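# A closer look at the structure
Chain by chain, the residues:
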Amino acid sequence: MTLGWILGLHLAAAAGIIATAAGLLPLPGWPVFAIAGALLFLGGLGTTVAYHRALTHRAVRLNPLVEQVLIACAVANGSGNPRNWVAMHRLHHATSDRADDISSPHQGGFWWAHLRWLWQADTRRAQDLVRDLDRRRYRWWGPLQVPALALSVAGGLLAAPWGLEAVAAALWIGPLRLIWALHAQCTVNSICHLGAVEDAHGSGKNVGWLAPVHMFQGENWHANHHRRQTDVRLGYGPQLDLGWWTILGLRAVGLAGKLRRPGATSAPSP
Ligand SMILES: [Zn+2]
Ligand SMILES: [Zn+2]
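The rules behind each value
Residues numbered from 1 in each chain as written. Chains lettered and ligands numbered in written order. Predicted model: local features only at pLDDT ≥ 70, side-chain atom pairs only at ≥ 80, totals over all residues. Helix = DSSP H or I, 4+ residues; strand = E, 2+ residues; numbered from the N terminus. Buried ≥ 20, exposed ≤ 12 C-beta atoms within 10 Å, placed from the backbone. Contact = placed C-beta atoms within 7 Å. Axes fitted to C-alpha atoms, helices over the stretch in contact; angles between N-to-C directions. Parallel < 35°, antiparallel > 145°, perpendicular 65-115°, else oblique. Core = buried A, V, L, I, M, F, W, Y, C linked by C-beta atoms within 7 Å.

Right, let's get into unusual backbone geometry. Even without a glycine there, the phi angle at Met215 is positive, about 50°. Secondary-structure assignment places Met215 in the loop between helix 9 (163-189) and helix 10 (222-227). Phi is positive for Phe216, which is not a glycine, with a value near 60°. Mapping Phe216 onto the fold places it in the loop between helix 9 and helix 10. With 18 C-beta atoms packed within 10 Å, Phe216 lands in the partly exposed category.

Pasting the structure below:
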């Protein structure tokens, strides 16, 4: 199913790009790009704030409604359901760059780490790592995933009045946005783990040029994160981390609490 989803997205996007280049589909106006960008941004926050910092590492506690909204954004961004994402990510931290790290480029090469592990790795053992998420409010995202993604792919049809303009809107808000989201996330496992294994924390790297790819939400500061996995903050000093700023904003209005900043007197070296 995962392979079919990824192939289908790429085929739809390629057909759409070719049709646009050939003049068969119009280029949508700025409102469509604004909607696609906003969904991408919210989806990224769903992954980094809810899936990663709150659920995987328990580095912040979110208001339950905010948590559900952010999970919905992450699911609609193609990040999978929360229990699955958290299981894979906890396994990655527990086994970083060793033989049983299912997403390391040091074990399977660049394309394994970037995409192939998503449908080829044996992930059954990771399910033992998410017993704390065996609750209804996380389990129900399993069956909800398919309808959420169907809406996410086709919902763009509603962004333009009708005809070819609606198809063009659906292309940019659906497959093209989801491909950006997919590859942006995949760079954390592939590009951010290229190069030497630095220390016991693995080969995680801070990759500055990936910051705009991740919409400055902080996941590209991956060396920081491997060294301080329970720190709610990923970027330090000038390293922009809008996930952190979002959490500060949520805390200011009482929607987030229990922020963890272990040993945060100074930033770790990049
Ligand atoms: Zn990593
Ligand atoms: Zn992590």
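Moving on from the coordinates now.
Relative to the elements of secondary structure, Ala166 occurs in helix 9. The class of Ala166 is partly exposed, set by 17 C-beta atoms lying within 10 Å. Each C-alpha atom, one on Ala166 and one on Leu25, is 9.8 Å from the other, the two residues being 141 residues apart in sequence. When near neighbours in sequence (up to four residues on either side) are disregarded, Ala166 contacts Leu157, Ala160 and Pro161.

Before going further, it helps to examine the environment of Thr56. You can see Thr56 is positioned in helix 2 (residues 30-56). Overall, the presence of 23 C-beta atoms within 10 Å leaves Thr56 in the buried class. Linking Thr56 and Ala87, residues 31 residues apart in sequence, is a C-alpha distance of 8.0 Å. Once you skip the residues sitting within four places of it in the chain, Thr56 turns out to touch Tyr51, Val86, His89 and Arg90.

Where helix 8 (residues 141-154) contacts helix 9, the two axes come as close as 7 Å, and the packing angle between them is 125°. With respect to helix 9, the element helix 8 is oriented oblique. In this structure, helix 8 uses Ser152, Val153 and Ala154 to contact helix 9, whose residues at the interface are Ala170, Gly174, Pro175 and Leu178.

Another aspect to go through is the environment of Phe216. Note: C-alpha distance between Phe216 and Ala252 (36 residues apart in sequence) is 21 Å. Filtering out sequence-adjacent residues up to four positions away, Phe216 remains in contact with Ala211, Leu240 and Leu242.

Right, let's talk about the nonpolar core for a bit. Ala50, Val60, Leu70 and Ala74 are the most contacted members of the largest nonpolar core, which has 37 residues in total. Those elements giving two or more residues to this core turn out to be helix 2, helix 3 (64-76), helix 4 (82-95), helix 6 (110-120), helix 8 and helix 11 (242-252). When sequence neighbours within four positions are dropped, the list of residues in contact with Leu70 reads Leu45, Gly46, Val49 and Ala50.

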